[in-house]
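Analysis of the macromolecular model
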Amino acid sequence: MKRIFSGMQPTNRLTLGNYLGALKNWVKMQDEHGTQCIYCVVDLHANTTGYNPGTLKNATREVAAAYIAAGVNPEKSIIFAQSSVPGHAQLGWMLSCITPLGWLNRMTQFKDKAGKDKEKASAGLYTYPTLMAADVLLYHATHVPVGDDQKQHVELMRDIAISFNQHIAGRDFFPVPDPVIMGEATRVMSLRDGTQKMSKSAESDMTRINLTDDADMISQKIKKAKTDAGLVPASEAECEGRPEARNLLTIYAALSDTSREAVMAEYGGQQFSAFKNALSDLTVATMAPITGRMRELMADPTEMDRILGASAVKANEIAEPILKNAMDIMGFWRA
Ligand code: AQP
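From a predicted model like this one, the values you see are computed outputs, not experimental measurements.

**Here we look at the site of the ligand**
The immediate surroundings of the ligand are formed by 24 residues, with Thr 11, Lys 113, Asp 149, Lys 200 and Ser 201 found nearest. Note that an oxygen atom of the ligand is positioned 2.8 Å from one of the backbone N or O atoms of Gly 147. Burial of the ligand by the protein amounts to 98% of the accessible area it has alone, namely 640 Å². Of all the elements in the fold, those that place two or more residues in the shell around the ligand are strand E1 (2-8), helix H1 (16-30) and helix H6 (108-114).

**Concerning helix H3 (residues 56-70)**
Structurally, the α-helix is built with 3.6 residues per turn, so residues lying three or four positions apart point the same way. Relative to the 21 Å expected for 15 residues at 1.5 Å per residue, H3 spans 21 Å between its end C-alpha atoms, a close match to the ideal helical length. For H3, a buried count of eleven out of 15 residues is recorded, marking the element as mostly surrounded by other parts of the structure. Those residues of H3 that sit buried are Thr 60, Arg 61, Glu 62, Val 63, Ala 64, Ala 65, Ala 66, Tyr 67, Ile 68, Ala 69 and Ala 70. Where H3 ends, the next residue or the one after it, Gly 71, has phi of about 125°, a positive value.

**Description of the domain arrangement of the protein chain**
We note that the domain assignment places domain 1 (2-180 + 301-329) and domain 2 (205-296) within the protein chain. Each of domain 1 and domain 2 has a C-alpha centre, and these two points are 30 Å apart. Each partner contributes residues to the interface: domain 1 has 15 residues there, and domain 2 has 15 residues. Interface area for domain 1 against domain 2, summed over the two sides, is near 1,200 Å², with a carbon-plus-sulfur share of 73%. The interface formed by domain 1 and domain 2 contains two salt bridges. For Asp 257, the salt bridge is made with Lys 24, and the minimal N-O distance between the two is 2.8 Å. Scanning the region where domain 1 abuts domain 2 turns up four residue pairs in polar contact (both at pLDDT 80 or more). If you list the elements that add at least two residues to the side of domain 1 that touches domain 2, you get H1 and H3. Element by element, the count of residues in the side of domain 1 that touches domain 2 is highest for H1, at six residues. Each residue belonging to the side of domain 1 that touches domain 2 can be placed in one class, and the counts come to nine nonpolar, two polar and four charged.

**Quick word on the pairing of strand E2 (residues 35-41)**
For E2, the buried fraction is high: six of the seven residues fall into the buried class. The pairing of E1 with E2 spans seven bridges and is parallel. From the neighbouring strand, Phe 5 faces E2, where its bridge partner is Ile 38. Regarding topology, H1 serves as the crossover connection from E1 to the parallel E2, and that connection is right-handed.

**Remarks on unusual backbone geometry**
Unusually for a residue other than glycine, His 140 sits at a positive phi of about 50°. Summarising the element assignment, His 140 is placed in the loop between helix H7 (123-137) and strand E4 (143-145). Overall, the relative accessible area of 21% leaves His 140 in the partly exposed class.

**Some details on the environment of Leu 308**
Mapped onto the elements of the fold, Leu 308 is located in helix H14 (residues 301-329). Assessed through its relative accessible area of 11%, Leu 308 is described here as buried. For Leu 308 and Phe 80, which are 228 residues apart along the polypeptide, the C-alpha to C-alpha distance reads 4.8 Å. Filtering out sequence-adjacent residues up to four positions away, Leu 308 remains in contact with Arg 61, Ala 64, Ile 79, Phe 80 and Ala 81.

**Observations regarding the nonpolar core**
Judged by nonpolar contacts, the single largest core of 59 residues is most densely connected at Leu 16, Tyr 19, Leu 20, Leu 23, Tyr 67 and Phe 275. When residues of this core are assigned to their parent elements, the largest contribution, nine residues, is made by helix H13 (residues 272-298). Built from parts of two domains, this core gets at least three residues from each of domain 1 (2-180 + 301-329) and domain 2 (205-296). Contact partners of Tyr 67, with chain neighbours within four places excluded, come to Gly 7, Met 8, Leu 23, Trp 26, Tyr 39, Cys 40, Val 41, Val 72 and Ile 79. One finds Ile 38, Leu 95, Val 144 and Leu 156 within the second-largest nonpolar core, a separate group that totals 44 residues.

**Thoughts on the packing of H7 against helix H8 (residues 151-169)**
Between H7 and H8, whose axes approach to 9 Å, the crossing angle comes to 70°. As judged from the angle between their axes, H7 and H8 are roughly perpendicular. Where H7 crosses over H8, the two elements pack in a sense that is right-handed. Along the contact surface, H7 presents Tyr 128, Pro 129, Thr 130, Met 132, Ala 133, Val 136 and Leu 137, while H8 presents His 153, Val 154, Leu 156, Met 157, Ile 160 and Ala 161. For the contact of H7 with H8, the per-class residue count stands at eleven nonpolar, two polar and no charged.

Parameters and conventions
Residues numbered from 1 in each chain as written. Predicted model: local features only at pLDDT ≥ 70, side-chain atom pairs only at ≥ 80, totals over all residues. Heavy atoms only, no water. Near = heavy atom within 4 Å. Polar contact = N/O pair within 3.5 Å; in protein donor to acceptor, adjacent residues only side chain to side chain. Areas by Shrake-Rupley, 256 points an atom, 1.4 Å probe, with all protein chains shown as cover. Helix = DSSP H or I, 4+ residues; strand = E, 2+ residues; numbered from the N terminus. Expected span 1.5 Å × (residues − 1). Buried < 20%, exposed > 50% of the residue type's maximum accessible area, 1.4 Å probe, protein only. Domains from an automatic or database assignment. Contact = heavy atoms within 4.5 Å. Buried area = accessible area lost by both parts, 1.4 Å probe. Salt bridge = Lys/Arg side-chain N within 4 Å of Asp/Glu carboxyl O. Nonpolar A, V, L, I, M, F, W, Y, C, P; charged D, E, K, R; others polar. Pairing = 2+ DSSP bridges. Right-handed = clockwise from strand over helix to strand, strands pointing away. Core = buried A, V, L, I, M, F, W, Y, C linked by side-chain atoms within 4.5 Å. Axes fitted to C-alpha atoms, helices over the stretch in contact; angles between N-to-C directions. Parallel < 35°, antiparallel > 145°, perpendicular 65-115°, else oblique. Left-handed = near helix turned anticlockwise from the far one by under 90°.

Printed below as a string of structure tokens:
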């Protein structure tokens, strides 16, 4: 059986990048035969870049609501908050103790997120990849659908699993999970700078489309998206050195489930204003039902809590025996 595990941080409103790079694929995978999907709201990870106890609970509900609104079915898939299964933190600690510092030093996301003043970054941000490894290995998951930015972390998690199996267990205890990076938009870029990833915690809201944005806001953001003085590129060669143009074409292709090539065949050589109008209409048409459903779900926090609670029980049932076995392998005392 294929077991899928993936998660998103409740750090801010989810973006079109989160949707196209990951969430849209999660929905597709849920319908594959012989697949069990576990989709987590990784609230322990959200703490690595700052604490806001007043908003975290609701942000967790909102991310879960986004999963459901996008098409994840809580009757089929497990949707829960990471902190409600204690095994994540326990296995995370155990794995951090067998992960060499040299491996963590290579992680580019820490460098990006810590910024210039590394001394002020939290220890949690540094060990984020070992907790992420625990998230997946705790369920003996086999596949991890993520955006391109998380590829390095999945590679590290594979190294940790192999190392645990070889040096501690002496057998294949953890399956070595495969990253699944699919679709046209594996890395959606900022609307204001085509060299930067679209990120939910970037300072300017104009850099991204949030899943909660209404039609006016979406069309304003797309209208103001950075382009250049040329026409819409008609070939990959014409995209060279034009990251913003390429990004808008990629977004259009991913939203319409087609290829960038097909989009260029339709809009190449036209003015950006016409293409932006078409992109804006397509984005609004795709997002409006998701945003509407999210709003309905968020109007009933009790129901959201019921869904998260029921799924946490199911997640714990899978995680507990695996954690116990891992603890036995590591030699921890147990009555
Ligand atoms: N721009 C993106 N394009 C494609 N995929 C993306 N993902 C994130 N941004 C893009 C994918 O979304 C999933 C959840 O991401 P996350 O919440 O774990 O955080 P992140 O990867 O650090 O993404 P953000 O939006 O930049 O969050 P913040 O600003 O909070 O750090 C992952 O599968 C990710 O690959």
